Protein chains: 2
Amino acid sequence: MSDSMASSLCITAIPNVPDIVEGDDLAAIVGDCLVASGHMPVEGDILCVAQKIFSKAEGCIYPLSTITPSPEALRYAEELGKDPRKVEIVLRESAEVVRAFRHPGQSEGTMICRHRLGFISANAAVDESNIAETDAAMTLPPDPDASVVAMRDALEARFGCRIGVVMTDTFGRPWRIAQVNVAIGLAGVPATLREQGNEDAWGRTMKVTEAAFADELAAASGLVVKKAAKTPLVLFRGLDWSPSRSKAEDLLRGKQEDMFR
Amino acid sequence: MSDSMASSLCITAIPNVPDIVEGDDLAAIVGDCLVASGHMPVEGDILCVAQKIFSKAEGCIYPLSTITPSPEALRYAEELGKDPRKVEIVLRESAEVVRAFRHPGQSEGTMICRHRLGFISANAAVDESNIAETDAAMTLPPDPDASVVAMRDALEARFGCRIGVVMTDTFGRPWRIAQVNVAIGLAGVPATLREQGNEDAWGRTMKVTEAAFADELAAASGLVVKKAAKTPLVLFRGLDWSPSRSKAEDLLRGKQEDMFR
């Protein structure tokens, strides 16, 4: 691409995605929504898809009435003012509770957990909002990378072009308030783009520049998503990228690099 | 906006921004680049502008030969394998060193600092790359909010429409590798968009949903920025937002909310 040309990226929230229920063929539904909205995928497109529709299609919703809390769950629930059945689900999803606290004035405390998939987030990414069941909790799908790879393969076969798919979830951050979407599943999309060792525009070697490409996509998808209007599907067109075998775990720091141990 | 319509956002890296030097009228240069590239601002546009061109225009570049390290800087430099003069600049920019470490195999350690403006980042956001001087370090501008407000005011006066301006910088994250851009200065742009307390699409009350809007913009700007091609200027068109008096510090957690104390 010439330096003198402006390069534009278009990000579109695909409307009218129906409510998803267990067993739905998500790739078929997503493909139909793309067609219906006039956004047939073309070579190089990337789709960001919200985790919650994968979790719904894959049946990752647990009615609280079916959950028996463990003694550990009862202890955390007492300390944090939480429903012990929800805590039980959080603990089942977690490899480790990194931190549990309840700030003064908070009605309910927070558990920062390392999910069994490695992601560190509040409540092991267990979600109560945006599910139709009022007394239920939703977990991440068992293998987000596999879920988006299957969707990517089906969409590529249907539309005859190479695309990427990213599964996104909404996480908080330790030092900055509010939430941004991050990438928790990758199909074809590079986790990061390294500029490490490249020369910068002034001819000096840049020591460390590695953009978290998949997380940039996820964060950008939040700009067009309106949660209240159910838009879990966001199309990116005009990106400069090459297919990759990255997995979402490629975005995670190793424990030895964790700054907080 | 109707639910049945796809809503599109376009993000454009504005090309041919010249090298910036101390004393440059940045708003005039940015305005000229927008015009030259055929992207006259329209009502509701938001510009993300990289911190480094503000720092250059405002003369925040310090030749290392002029720096005398303090005893504290000498101690950190010895421990971390860093240039004591660079450490001295980092310490001058910092309110607090949150963490200093050198992982096995790292030639140079890392200082995680709370900048005097409140941002927590590596080396207090002091930068060595992308500056023409080889033995110099670049700091953040003294008041990033004021810098972008001045630019916003000048551009609004010139183009006769209401726009927003965000100053971005590239930060690492504690639990995830690689970098994303974050917002460090705001003019007119809301720091966050609260959906807290809104009903979700299923009629349930969502307890906590607050999107870090300005950080989403900053992260998205990284998708079109090519560092090696000097594109510090990114235009967003098609966003749904209302002007705000947010400051960049509105994105920072209070110390009492910090999960790592």
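An unreviewed UniProt entry annotates chain A as Coenzyme F420-0:L-glutamate ligase / coenzyme F420-1:gamma-L-glutamate ligase originating from Cohaesibacter marisflavi.

Residue and element names in this part refer to chain A. As far as domains go, chain A holds domain 1 (7–60 + 140–253) and domain 2 (62–137). Each of domain 1 and domain 2 has a C-alpha centre, and the two are 26 Å apart. On the side of domain 2, 14 residues touch domain 1, which itself brings 14 residues to the contact. Buried surface at the junction of domain 1 and domain 2, summed over both partners, amounts to about 1200 Å²; 59% is from carbon and sulfur atoms. Among the residues of domain 1 in contact with domain 2, Leu140, Phe171 and Leu252 are the three that bury the most area, contributing 40% of the side total. At the junction of domain 1 with domain 2, the criterion picks out zero salt bridges. There are one residue pair in polar contact (both at pLDDT 80 or more) connecting domain 1 and domain 2. If you list the elements that add at least two residues to the side of domain 1 that touches domain 2, you get α2 (51–57), β8 (164–172) and β9 (179–187). Grouping the amino acids of the side of domain 1 that touches domain 2 by side-chain chemistry returns 10 nonpolar, no polar and four charged.

Residues and elements named next belong to chain A. Taken as a whole, this structure holds two aromatic pairs over all chains when the rule is applied. Ring geometry for Phe119 and Phe171: centres 6.5 Å apart, planes at 70°, overall edge-to-face. Within this pair, whereas Phe119 is found in the loop between β5 (110–115) and β6 (120–122), its partner Phe171 is found in strand β8, the two being separated by 52 residues in sequence.

A word on unusual backbone geometry. Residue and element names in this part refer to chain B. Of note, the phi angle at Asn123 is positive, near 55°, even though the residue is not glycine. Its location among the elements puts Asn123 in the loop between β6 (120–122) and β7 (136–138). Notably, Ala125 is not glycine yet its phi reads approximately 65°, a positive angle. Positionally, Ala125 belongs in the loop between β6 and β7.

Once that is clear, we can look at the pattern of salt bridges. Enumeration according to the criterion identifies 25 salt bridges over all chains in this entry. Note that Arg162 of chain A and Glu43 of chain A form a salt bridge whose closest N and O atoms lie 3.9 Å from each other. Within this pair, whereas Arg162 of chain A is found in the loop between α5 (144–159) and β8, its partner Glu43 of chain A is found in the loop between α1 (26–36) and β2 (46–50), the two being separated by 119 residues in sequence. On the accessibility criterion, Arg162 of chain A (46% relative accessible area) is partly exposed. A salt bridge links Glu156 of chain B to Arg152 of chain B; its shortest N-O distance comes to 4.0 Å. Taken as a pair, Glu156 of chain B and Arg152 of chain B lie in helix α5 (residues 144–159) at a separation of four residues, close to a single helical turn. For Glu156 of chain B, a relative accessible area of 18% gives the class buried. Connected through shared salt-bridge partners, Arg173 and Arg176 of chain A together with Asp215 of chain B make up one network.

It is worth spelling out the sheet that holds strand β4 (residues 94–101) of chain A at this point. Residues and elements named next belong to chain A. If you walk across this open sheet you meet the three strands as β4-β5-β6, and the pairing is antiparallel. The sheet terminates laterally at β4 and β6, the two strands that pair on one side only. The sheet shows a mean angle of 25° between the axes of neighbouring strands, taken without regard to direction. In this sheet, β5 lies alongside β4 in antiparallel orientation, the contact comprising six bridges. Bridging from a neighbouring strand, Arg99 pairs with Ile112 of β5. Along the sheet, helix α3 (residues 71–80) contacts β4 and β5; its crossing angle with β4, the most-contacted strand, is approximately 25°. Its contacts with the sheet place helix α4 (residues 84–93) against β4 and β5, and it is angled at close to 130° to β4.

The rules behind the values
Residues take numbers from 1 onward in each chain, read along the sequence in its written order. Just so you know, chain letters begin at A and ligand numbers begin at 1, following the order they were written in. In view of the model being predicted, local features appear only for residues whose pLDDT reaches at least 70, and side-chain atom pairs are presented and counted only at 80 or more, with totals across whole chains, interfaces and linings using the full set of residues. For side-chain calculations, the full set of non-hydrogen atoms in the structure is used, while hydrogens and water are omitted. Just so you know, the domain bounds were taken from an automatic or database domain assignment. What makes two residues a contact is simply this: any of their non-hydrogen atoms within 4.5 Å. By buried area we mean the combined loss of accessible area, with a 1.4 Å probe, across both parts when two parts are placed together. Salt bridges are identified by distance alone: a Lys or Arg side-chain nitrogen within 4 Å of an Asp or Glu carboxyl oxygen. Polar contact criterion, stated in full: a pair of N or O atoms within 3.5 Å, where within protein one must be able to donate a hydrogen and the other to accept it, and residues adjacent in sequence count only if both atoms are side-chain atoms. The way it works is that DSSP assigns letters per residue, a run of H or I at least four long becomes a helix, a run of E at least two long becomes a strand, and they are numbered from the N terminus. Gly is placed with the polar residues, together with every amino acid not listed as nonpolar (Ala, Val, Leu, Ile, Met, Phe, Trp, Tyr, Cys and Pro) or charged (Asp, Glu, Lys and Arg). Each aromatic pair joins two rings of Phe, Tyr and Trp (for Trp, the six-membered one) with centres within 6.5 Å, and gets the label stacked for planes under 30 degrees apart, edge-to-face for over 60, and tilted for any other angle. Each residue is assigned to one of three classes by its accessible area relative to the maximum for its type, calculated with a 1.4 Å probe on protein chains only: buried under 20%, partly exposed between the two thresholds, exposed over 50%. One requirement defines pairing of two strands: DSSP has to find at least two bridges between them. For helices, the fitted axis covers only the stretch in contact; all axes are lines through C-alpha atoms, and the angles between them, taken along N-to-C directions, range from 0 to 180 degrees.

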